[in-house]
Amino acid sequence: MKNFWRGLLATLPLAPGVVAFGLLYGMMARQVGFSPREAWAMSLIVHAGSAQFAVVGMWETAGVVPIVLTTLVINLRHLLLGASVAPYLRGLSPLWKALLALWMSDESYALAIAEYERGQGDHLYFLGANVGIYLAWTTSGLLGALLGAAIPDPSQYGLDLFFPLGFLGLLTAFLKDRIGVAVAVATGALALLGTVFVPGKWIIIVAGLLGSGLGLALEEVERAWISS
Amino acid sequence: MDKLLIFFGMALATYFTRYTMIAVLGREVPPLLQRWLRYVPPAVLAALVVPAALAPQGRLALGLPAWAAMAGAFVAWRTRSVLWTIVGGMAVFWILWMLGA
């Protein structure tokens, strides 16, 4: 249980960012005609920030199928995240795997995988991180919906920077060698180009695939170099 | 009430993306795939950070987020701490913001 609490507490530095986004989501949901209870229900049931934002944005014009498809496409990056934690979850029961997948977010995944890499992670830590982000996201969504238009845009105060900065802090755990650094630099550049020139969220998964593939390729090159 | 049905549809789509790989790769992960997957976290994290810092509105911009991220990168490099990275980056953001930059 100690690890559960460690995981839960590890989400605290990221919580202000989650809360800022949650408030914004709740307020936006109100504007397209959700009741506070409905806005809350979406967060409790779906728990996927960027997808919820996108869906609220298209709510008045789109039907069920586009909404579900949009959710699917925006969350496709979780396939990559899932694949990369899967080896660490191998020994767990199917029930535990199903439970950990349920609330896996970008933030809790990043915290958990960094801790696994340090050799201190386990499923309780992962669950704690999932629960921490879930609580922050769902509660702030409800709050935002209740407050309605009373608070101004949180991004004006840079609150949306909490995530990138938190991810930056976590990134250092993976820059142990030259290849890790090369992967981060190349993927970052690729994602930047993609964001500027290609619309949509596809770029995260494409850059993630290509960038991690580059890591493997460089590893092979290095290996051939040493053995020759 | 049909809102609830849509929410469950969205939840199902989300769960599919989160659970599939964890379930499928449950047993033996091939060594080559395993080595490849080790590079996924730095790749995905960088893909999330760089555009948010340098192109927050989808256009290349050397604004406050970029300076905050550079300060954050320096703090991250020195401390390897999530908390201090956020504190350092936000401090730079807010100072520049108050200076009206």
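Since the model is a prediction, treat every value here as computed from it, not as a measurement. (Residues numbered from 1 in each chain as written. Chains lettered and ligands numbered in written order. Predicted model: local features only at pLDDT ≥ 70, side-chain atom pairs only at ≥ 80, totals over all residues.)

Draft legend 1. The arrangement of the overall build of chain A in detail. Along its length, chain A carries 12 helices and zero strands. Along chain A, from the amino end to the carboxyl end, the secondary structure elements read α-α-α-α-α-α-α-α-α-α-α-α. Here the C-alpha radius of gyration of chain A, 19 Å, is about what a compact globule of 228 residues would show, namely 17 Å. The dimensions of chain A, computed from C-alpha atoms along their principal axes, are 65 × 45 × 35 Å. Counting every position in chain A, which comprises 228 residues, the buried fraction comes to 53%. (Helix = DSSP H or I, 4+ residues; strand = E, 2+ residues; numbered from the N terminus. Rg over C-alpha atoms; globule rule 2.2 N^0.38 Å. Buried ≥ 20, exposed ≤ 12 C-beta atoms within 10 Å, placed from the backbone.)

Draft legend 2. Just the overall build of chain B, in detail. A tally of helices and strands in chain B yields five helices and zero strands. In chain B, the order of α-helices and β-strands from amino to carboxyl end is α-α-α-α-α. Computed over its C-alpha atoms, the radius of gyration of chain B comes to 20 Å, more than 25% above the 13 Å expected for a compact globule of 101 residues. Once the C-alpha set of chain B is aligned to its principal axes, its extents read approximately 50 × 45 × 25 Å. Within chain B, buried positions represent 49% of all 101 residues. In chain B, the share of contacts with a sequence separation of at least 24, taken over all contacts with a separation of at least 6, comes to 27%. (Contact = placed C-beta atoms within 7 Å.)

Draft legend 3. Summary view of the nonpolar core. The biggest cluster of nonpolar side chains holds 107 residues, and the ones touching the most others in it are Leu171(A) and Val49(B). Look past the residues within four positions of Val49(B) in its chain and what remains in contact with it is Pro164(A), Phe167(A), Leu168(A), Leu171(A), Gly188(A) and Ala69(B). (Core = buried A, V, L, I, M, F, W, Y, C linked by C-beta atoms within 7 Å.)

Draft legend 4. Broad picture of the domain arrangement of chain A. Residue and element names in this part refer to chain A. Once the domains are mapped, chain A shows domain 1 (2-174) and domain 2 (175-228). When each unit is reduced to the centre of its C-alpha atoms, the spacing between domain 1 and domain 2 is 25 Å. Residue-level contacts link nine residues of domain 1 with eight residues of domain 2. A per-class count over the side of domain 1 that touches domain 2 returns six nonpolar, two polar and one charged. (Domains from an automatic or database assignment. Nonpolar A, V, L, I, M, F, W, Y, C, P; charged D, E, K, R; others polar.)

Draft legend 5. Just the interface of chain A and chain B, in detail. Each partner contributes residues to the interface: chain A has 69 residues there, and chain B has 64 residues. Class assignment of the residues belonging to the side of chain A that touches chain B gives a composition of 45 nonpolar, 18 polar and six charged.

Draft legend 6. Up close: the domain arrangement of chain B. Considered domain by domain, chain B is made up of domain 1 (1-38) and domain 2 (40-101). Taking only C-alpha atoms, the centre of domain 1 of chain B and the centre of domain 2 of chain B are 30 Å apart.

Draft legend 7. Quick peek at helix α5 (residues 82-98) of chain B. With 17 residues, α5(B) should cover 24 Å at 1.5 Å per step; its first-to-last C-alpha distance of 24 Å lies within 8% of that length. Of the surrounding secondary structure, the elements contacted by the buried residues of α5(B) are α10 (162-171) of chain A together with α4 (64-79) of chain B. Where α5(B) terminates, the next one or two residues include Gly100(B), which has phi positive at roughly 80 degrees. (Expected span 1.5 Å × (residues − 1).)

Draft legend 8. Molecular detail of the environment of Thr20(B). Inspection of the secondary structure puts Thr20(B) in helix α1 (residues 2-24). Once you skip the residues sitting within four places of it in the chain, Thr20(B) turns out to touch Leu79(A) and Gly82(A).

Draft legend 9. The packing of helix α11 (residues 178-197) of chain A against helix α12 (residues 202-227) of chain A, seen in detail. Residues and elements named next belong to chain A. Where α11 contacts α12, the axes come no closer than 9 Å and their chain directions differ by 150 degrees. In terms of orientation, α11 lies roughly antiparallel with respect to α12. Considering how the two elements wind past one another, α11 and α12 form a crossing that is right-handed. Contact with α11, carried on its side by Ile179, Ala182, Val183, Ala186, Thr187, Leu190, Ala191, Gly194 and Thr195, involves Ile203, Ile204, Val206, Ala207, Gly208, Leu210, Gly211, Ser212, Leu214, Gly215, Leu218 and Glu219 of α12 and no other residues of that element. Partitioning the contact of α11 with α12 into residue classes produces 13 nonpolar, seven polar and one charged. (Axes fitted to C-alpha atoms, helices over the stretch in contact; angles between N-to-C directions. Parallel < 35°, antiparallel > 145°, perpendicular 65-115°, else oblique. Left-handed = near helix turned anticlockwise from the far one by under 90°.)

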